[in-house]
Structures are given as structure tokens and as C-alpha cells.
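# Geometric and topological summary
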Amino acid sequence: MQVTTALPELSEELAETVASVGSSVVRVEGRGRLPASGILWAEDGIVVTANHVLERDDNIRTGLPNGETVGAALMGRDPTTDLAALQVESKGLNPPSLSEPEGIRVGNLVVALGRPGRSVQATLGIVSALDEGWQTPAGGRIGHWLQTDVVMFPGFSGGPLVDSSGNVVGMNTSAMLRGVNVSIPISTIQAVVETLRAHGRIRRGYLGVGFHTVRLPEEVQLDQETGLLVASVEKGSAAEQGDLLLGDTIVSLNDEPVRQPDDLMALLGSDSVGTKTSVRIVRAGEVRELHLTIGERTG
């Protein structure tokens, strides 16, 4: 019987990939229980990890691949994308090769790496779902939907997802959606890191209203069935200054329809802060248009 060499070759290639990319995976000690993982993002000491694994802003430690443990300063966080950036002081850091997930297909093999202990750990799986950009429940914008069936062992959040060519295509997190393992793509990580490097925070637009979804009256002639009923207006907010009132129903922002809370959150990104915006509302059964300047969320 002829013995194929494909499986042993695949096994060796996977082991080589883990060893190579593992030199870019660190241990992140930012919570009281089991440490998590992080990715050496840049040679100047930036480490990317999952926001939810950092339960404190100071006294954060990182375990480097060479066995050294060093302190890390929190550069900033973005809870809406579950990303955080750290700054470590160390030489000879080895960032991994990065790749966008455009070439990945459902069914492709991927490897998730973590370093919750001293040595790197790995788990093998496949890409189970792909899609275009999506909005997180917290209002963040993610470049691609990348879902896998890899087993997320304790401490793997913040570690890299690696494709069959040995390129890091995302950062794994088990906290974005309950019961679903997703990876934050490289483009989103890069955008967040650049913003945190420049400003130390992620800017988010803010209206200053409380609201809930309501069905529009039949006499209102719009190409949508629902809008957001204003239930509260914060004093001094953009909404108050723009004359939004209790009982108004928001139906669009800058001519983009607002049918549910996710629609509004998607329109209040960092680019919206400080911009003059048209808000279409329904007031007393009539469609009206207001103009206001988007504020910035501070909490």
C-alpha cells in the first residue's frame, strides 16, 4: 500500500507556521485571572490585544517570546471593536507578516495562536463564514466579518488568526458576540492603532438623546416603517442645541435612513464629530428637517 506524504508535509508546515508566527505572540497580564494574548504589532513596541482582557489601565505586564516579562503602558482602548493597544519597551521585537482577508474563502484552514502561559499554543480550524463590513453591538465598525470554528482556549483572546501562508489576517476575540468566535481584520486594527497612537482614544459622535424604536404613522409618507422616538434630551447636548424635542421621531441623518438604533450608531462614527448635519424628524405628524452639529461622546 502506497503511503501518501501529504499529511506529514502539512503537519510539518503547520508546525513551522506556529513557530514562526509564535515569535510575534505575547502574554498579556491585565486582569486578575488567567492572562490573555497579544500581537507584537510594530517594531517600536506596540502590542495589540483584546480590550476585554484588560480589566485595569495600569500595572499591565507582557510576557515576550524570549521569556522576558516587561511592563506595558496602555496606549488606548476601543471597546466598540474590542481592541486595545499597549506600548512596551524592548528591543529585537518581531512583528508578523500581515494580510487582508480578501483572498480567504469559507472552508480554508486557519490557525489561532495564543500565549496565556510561557509558551505559544495553537488550535486548528476553518473559516466558517465571511461577509462584508459589519457593525458591532457597541457601535464599532469592522472591515470584514470573519468567523471561524477554531477552539478558543482560555487566554486565546487577543492572539492572531493565521492563514495557510503564515500571514496574520486578524485578531481573535471570544467576547464580541456570545457563542461566536470572530477575528478583527487587519484593516480595522490598523485604523484603530493609528488613531490611538495619534489621540490616545477613539472619537465617537454623540447626539445626547435617549430613544426607542417606534412604528411611523400611516399618514407619514416615507420609504420606511420605523424610526427612533426621542424619549430624553440631554441638557447642553447637540440635540438640545439643534432643537430636538421629546416626542420627535428621528427618521434620517444626512439623508441616510434611521430605522433602528444600529442605523444611528453607524452614522455617529469618528468622522461625524463636529460636522453640521441635517436631521429629518416627524413632529406632530409632519416631516421636518433640523440642522445641528454632532458632539463627541466623552464616556
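### Comments concerning the environment of Gly170
Counting through the fold element by element, Gly170 comes out in strand S13 (residues 168–177). For Gly170, a relative accessible area of 0% gives the class buried. Between the C-alpha atoms of Gly170 and Gly285, which are 115 residues apart in sequence, the distance is 48 Å.

### A word on the packing of aromatic side chains
By the definition in use, this model includes 2 aromatic pairs. Plain terms: the ring middles of Trp134 and Trp145 are 4.8 Å apart, the flat faces sit at 80° to each other, and that makes the pair edge-to-face. Here the residue Trp134 occupies a position in strand S9 (residues 134–135), and Trp145 occupies one in strand S11 (residues 145–148), the gap between them amounting to 11 residues. For the pair shown, Trp134 and Trp145 are each scored as buried. Judged by centre distance (5.6 Å) and plane angle (75°), the rings of Phe153 and Phe156 are edge-to-face. Residue classification places Phe153 among the partly exposed positions, given a relative accessible area of 38%.

### Let's talk about the sheet that holds strand S3 (residues 46–50)
Taken together, 6 strands build a closed barrel; the order of strands is S1-S2-S3-S6-S5-S4 and the barrel is antiparallel. In this sheet, neighbouring strand axes are inclined to one another by 40° on average, regardless of whether the strands run parallel or antiparallel. When strand S5 (residues 69–78) meets strand S6 (residues 83–88), the two strands line up antiparallel, connected through 6 bridges. The partner of Ala72 across the bridge, within S6, is Val88. Running at roughly 95° to S5, helix H2 (residues 186–199) makes contact with S3, S5 and S6 of the sheet.

### Topic: a nonpolar patch on the surface
Together, Leu7, Leu10, Leu109, Leu124 and Ile126 make up a nonpolar patch on the protein surface, roughly 420 Å² of accessible area in all. Of all the secondary structure elements, the ones that give two or more residues to the nonpolar patch are helix H1 (6–22) and strand S8 (121–131). Relative to the elements of secondary structure, Leu124 occurs in strand S8. Looking at Leu124, the relative accessible area reads 45%, which means it is partly exposed.

### Points about the pattern of salt bridges
All told, the structure shown has 11 salt bridges when counted by the stated rule. Of the charged contacts in the structure, one is a salt bridge between Asp78 and Arg204, with a shortest N-O distance of 3.1 Å. Here the residue Asp78 occupies a position in strand S5, and Arg204 occupies one in the loop between H2 and strand S15 (205–206), the gap between them amounting to 126 residues. With relative accessibility at 17%, the residue Arg204 sits in the buried group. Each of the salt bridges in this network shares a partner with another, and the network as a whole consists of Arg201, Arg203 and Glu296.

### Re the nonpolar core
Trp41, Met171 and Ile189 are the most contacted members of the largest nonpolar core, which has 45 residues in total. Setting aside anything within four residues of it in sequence, one finds Trp41 in contact with Ile46, Val47, Val48, Pro95, Leu98, Ile186, Ile189, Gln190 and Val193.

### Let's talk about the environment of Ser128
With respect to the helices and strands, the residue Ser128 is situated in strand S8. As a C-alpha pair, Ser128 and Gly107 span 21 residues in sequence and 6.2 Å in three-dimensional space. In this view, Ser128 contacts Val106, Gln147, Thr148 and Asp149; residues no more than four positions away in its chain are not counted.

### Considerations on the side chain of Thr188
Structurally, Thr188 is set in helix H2. We classify Thr188 as buried; its relative accessible area is 7%. Apart from the residues lying within four places of it in its own chain, the contact partners of Thr188 are Thr81, Leu83, Arg141, Ile142 and Gly143.

### Looking at H1
Since the α-helix turns once every 3.6 residues, residues separated by three or four places project in the same direction. Look at H1: 24 Å from first C-alpha to last across 17 residues, which is about the 24 Å you get at 1.5 Å a residue. Among all positions in H1, only Thr17, Val18, Val21 and Gly22 are buried. With its buried residues spanning 115° around the axis, H1 presents them on a single face. Turned more than 90 degrees from where H1 packs its buried face, Glu12, Glu13, Glu16 and Ala19 sit exposed.

### So, the side chain of His144
By the element assignment, His144 lies in the loop between strand S10 (141–142) and S11. Residues within four places of His144 in sequence aside, it is in contact with Glu100, Pro101, Glu102, Asp131, Glu132, Gly133, Trp134 and Pro185.

### Looking at the pairing of strand S4 (residues 60–63)
Pairing geometry for strand S1 (residues 25–29) and S4, over 3 bridges, is antiparallel. Counterpart to Arg27 in the pairing with S4 is Gly63. In this structure, S4 lies alongside S5, joined through 4 bridges in antiparallel fashion. In the sheet register, Thr62 faces S5, and the bridge partner there is Val70. If you look at the hairpin formed by S4 and S5, you'll find 5 residues sitting between the two strands, and Gly67 has a positive phi there, around 95°.

About the thresholds
- Residues numbered from 1 in each chain as written.
- Predicted model: local features only at pLDDT ≥ 70, side-chain atom pairs only at ≥ 80, totals over all residues.
- Heavy atoms only, no water.
- Helix = DSSP H or I, 4+ residues; strand = E, 2+ residues; numbered from the N terminus.
- Buried < 20%, exposed > 50% of the residue type's maximum accessible area, 1.4 Å probe, protein only.
- Phe/Tyr/Trp six-rings, centres within 6.5 Å; stacked < 30°, edge-to-face > 60°.
- Pairing = 2+ DSSP bridges.
- Axes fitted to C-alpha atoms, helices over the stretch in contact; angles between N-to-C directions.
- Contact = heavy atoms within 4.5 Å.
- Patch = residues over 30% accessible without salt bridge, like charges linked within 9 Å, V, L, I, M, F, W, Y side chains within 5 Å.
- Areas by Shrake-Rupley, 256 points an atom, 1.4 Å probe, with all protein chains shown as cover.
- Salt bridge = Lys/Arg side-chain N within 4 Å of Asp/Glu carboxyl O.
- Core = buried A, V, L, I, M, F, W, Y, C linked by side-chain atoms within 4.5 Å.
- Expected span 1.5 Å × (residues − 1).
- Arc of directions from axis to C-beta.

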